[in-house]
Amino acid sequence: MKKFCINIKKYYKYALYSAKAELKSEVAGSYLNWLWWIIEPLCFMLIYTFVFGYIFKSNIEYFPVFIFTGLSAWEFFNRMITGSVKLIINNRGLVTKVYIPKYILLLAKSFTYLFKLFIAWLLNLVLMLCLGVPFTWHLVLALPILIVLYVISFGLGLLLMHFGVYLVDLANLVKIGLRMLFYLSGVFYSIRGRLDSLLGSILLKANPIAFIMDEFRKVFMYGQLPNFLFLFIWFVIGIILCAIGIHVIHKNENNYAKVI
Amino acid sequence: MVKKNKDDIAISVKNLHISYRSIEKTSIRNSWDKKKKRVDVFEALKGVSFELKKGKILGIIGKNGSGKSTLLRALAGIFSPDKGTIDLHHNTISLLSIGVGFNNKLTGLENIYLSGMLLGFSEEEIKQKEKEIIDFADIGKFIYKPVKTYSSGMHSKLAFAITAILETDIMLIDEVLAVGDARFKEKSYNKMKELISDENRTVIIVSHSLSTIKELCDEVIWLNDGKIVKQGDVTSIVKDYEEFMKE
């Protein structure tokens, strides 16, 4: 753990710079430039609103905000997980040439995803303003929820990053798992409203993403307090995941260059 | 050359073993029937030990596959030793091989910063040297373009410039003397000599060019099949090696 702190201190500037450069390069080549960061989430929101709001006739209040809040959290998690599986292999040029603590790669990636999440949240606030969702002080509580989401994603990402080096087809498996999780997380339906109370409450407690989405909606839309007890439990689980991941990576990271 | 602090050791390597295990990539299906998996260990280095004094220039020779590059990478910290130890005595080290880890999507300039940071320099230090690096790399406007648009020559020119200008205590050089076109080759060769002649810098060179080794090195190690065959005086070992290769 001490080594982790020293490395983070030593390399966080690298991670920041790398994230900045990556974001810049992402938009440098395209015609609409940084507008894509706004257009993309907005379009997804419109698609889901159309499909589930009008075709499937959802009767949830402020449905676009409902979707957008869930979607932004989901996108962050999804990017972290998908990105980490192939992270080492995609950075082959770097990994085989210099020493870098491998979780710094994930850290740099996570900064870019966080940035995108914040843009999505800004849009969400604009959307709330337009649709007349009441603003409450509970919005501030989105931050601790985000920390829990980040810790869980980072921990899972570390482990997937490690196994992704050795297992070539892990990406396929992860894809299936993520799709399942997506539909079980209630991005476009309310778990509380659709499922009977037993199944719903199991899902909301055992699936961290469903739980976190639900908590985000509470603070964004409904002006409610989040479930602090479960937030804390998931935070602890996330920290344990991170600790295992860091340990595994410290033990194995120098072998990665031999395998890829 | 007269060296100060003659007894200062910069690198000590003891009984270094490195093997490539068959924990190679596998699919989920294959990892189910584990019995089929043979443990296929290829030992790239089998017990290499040496010490190098500060300011010395060490050449490593040997045929292809004898473990030269593995040794350099282990020194740079990219591979961990399976057995044995490497002690760098708190010196900073950089591996000057063809292409320091570039991120292909980013511009050359951004890659200068990223590589520099990975070598342990701060943003300010790199900023001071930025112009020097760009001038030395001499790739014109391409410095503002993504690295993936570079020709292989430009790629190695930039890589060389970064490691040559951002000086570290120990430099590991892997066959890089043949970089770029004739003009850059001469320039890099001269720069290399200038770097090497710095009394405080310790250098390890891996090269197939025996004339380079003879001209630059103070000591030489001859590796064969992961073991040191001979170590010490340059002229005699190079002569022996030449004879060995003729057989």
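No experiment lies behind these values; they were computed from the predicted model shown.

Cut-offs used in this document
Residues numbered from 1 in each chain as written. Chains lettered and ligands numbered in written order. Predicted model: local features only at pLDDT ≥ 70, side-chain atom pairs only at ≥ 80, totals over all residues. Helix = DSSP H or I, 4+ residues; strand = E, 2+ residues; numbered from the N terminus. Rg over C-alpha atoms; globule rule 2.2 N^0.38 Å. Buried ≥ 20, exposed ≤ 12 C-beta atoms within 10 Å, placed from the backbone. Contact = placed C-beta atoms within 7 Å. Axes fitted to C-alpha atoms, helices over the stretch in contact; angles between N-to-C directions. Parallel < 35°, antiparallel > 145°, perpendicular 65-115°, else oblique. Nonpolar A, V, L, I, M, F, W, Y, C, P; charged D, E, K, R; others polar. pLDDT = per-residue confidence, 0-100. Core = buried A, V, L, I, M, F, W, Y, C linked by C-beta atoms within 7 Å. Pairing = 2+ DSSP bridges.

K.L.:
An account of the overall build of chain A is requested, with residue identities and associated values reported.
P.N.:
Counting its secondary structure elements, chain A contains 12 helices and zero strands. Along chain A, helices (α) and strands (β) appear in the sequence α-α-α-α-α-α-α-α-α-α-α-α when read from the amino end. Taking 260 residues into account, the globule formula puts the C-alpha radius of gyration at 18 Å, and chain A, at 19 Å, falls close to it. Oriented by its inertia axes, the alpha-carbon framework of chain A measures out at about 55 × 45 × 35 Å. The buried share among the 260 residues of chain A stands at 38%. Sequence-distant contacts in chain A: of pairs separated by 6 or more residues, those separated by 24 or more amount to 80%.

K.L.:
Got a sec to walk through the overall build of chain B? Specific residues and values, please.
P.N.:
Of regular secondary structure, chain B possesses eight helices and nine strands. Within chain B, the proportion of its 247 residues that are buried is 41%. In chain B, 73% of the contacts between residues at least 6 apart in sequence involve partners at least 24 apart.

K.L.:
Break down the environment of Gly101(B) for me, with residues and values.
P.N.:
Locating Gly101(B) in the fold gives a position in the loop between strand E5 (93-96) and helix H3 (108-118). A count of 21 C-beta atoms within 10 Å places Gly101(B) in the buried class. Linking Gly101(B) and Lys157(B), residues 56 residues apart in sequence, is a C-alpha distance of 13 Å. Setting aside residues up to four positions removed in sequence, Gly101(B) forms contacts with Gly93(A), Leu94(A), Lys97(A), Val98(A), Ser115(B) and Leu118(B).

K.L.:
Lay out the packing of helix H3 (residues 63-85) of chain A against helix H8 (residues 170-184) of chain A with the relevant residues and their values.
P.N.:
Residue and element names in this part refer to chain A. Between H3 and H8, the shortest axis-to-axis distance is 10 Å and the interhelical angle comes to 170°. When the axis of H3 is compared with that of H8, the two are roughly antiparallel. Residues Trp74, Asn78, Ile81, Thr82 and Val85 of H3 lie in contact with H8, whose contacting residues are Leu170, Ala171, Val174, Leu178 and Phe182. Grouping the constituent residues of the contact of H3 with H8 by class yields eight nonpolar, two polar and no charged.

K.L.:
Break down the confidence of the model for chain B for me, with residues and values.
P.N.:
All names here are of chain B. Of the residues in chain B, 85% have a pLDDT of 70 or more, and the chain-wide mean is 80. pLDDT under 50 marks residues 1-6. Its contacts with residues more than four places away, or in other chains, come to five contacts. Across the interface, the model reports ipTM at 0.76; the global pTM reads 0.84.

K.L.:
Could you give me a rundown of the nonpolar core, with the residues and numbers involved?
P.N.:
Of all hydrophobic cores here, the largest spans 132 residues; its most connected members are Leu172(B) and Ile205(B). At 12 residues, helix H7 (residues 142-166) of chain A tops the list of elements feeding residues into this core.

K.L.:
I'd like to hear about the interface of chain A and chain B, residue by residue, with values.
P.N.:
Listed as interface residues are 24 residues of chain A and, on the opposing side, 29 residues of chain B. Contributing elements (two or more residues each) for the side of chain A that touches chain B: helix H1 (2-28), helix H5 (92-95) and helix H12 (228-259) of chain A. It is H1(A) that provides the largest number of residues to the side of chain A that touches chain B, a total of seven residues. For the side of chain A that touches chain B, the class distribution of residues is 13 nonpolar, six polar and five charged.

K.L.:
With reference to specific residues and values, describe the confidence of the model for chain A.
P.N.:
It should be kept in mind that the predicted coordinates are not to be read in detail where pLDDT is low. The predicted model of chain A averages 88 in pLDDT, with 100% of residues at 70 or higher. When pLDDT is averaged over each helix and strand of chain A, the minimum, 79, is found for helix H9 (residues 191-194) of chain A and the maximum, 94, for H7(A).

K.L.:
Break down the sheet that holds strand E1 (residues 9-20) of chain B for me, with residues and values.
P.N.:
All names here are of chain B. Judged by pairing direction, the sheet is antiparallel, and its three strands sit side by side in the order E2-E1-E4 without closing on themselves. Edge positions in the sheet fall to strand E2 (42-53) and strand E4 (83-87), since each of these pairs with one other strand and no more. Each strand axis lies, on average, 15° off the axis of its neighbour in the sheet, ignoring direction.

K.L.:
Describe the environment of Glu22(A), and please don't skip the residues or the numbers.
P.N.:
Locating Glu22(A) in the fold gives a position in helix H1. The residues contacting Glu22(A), other than those within four sequence positions of it, are Thr112(A) and Lys105(B).

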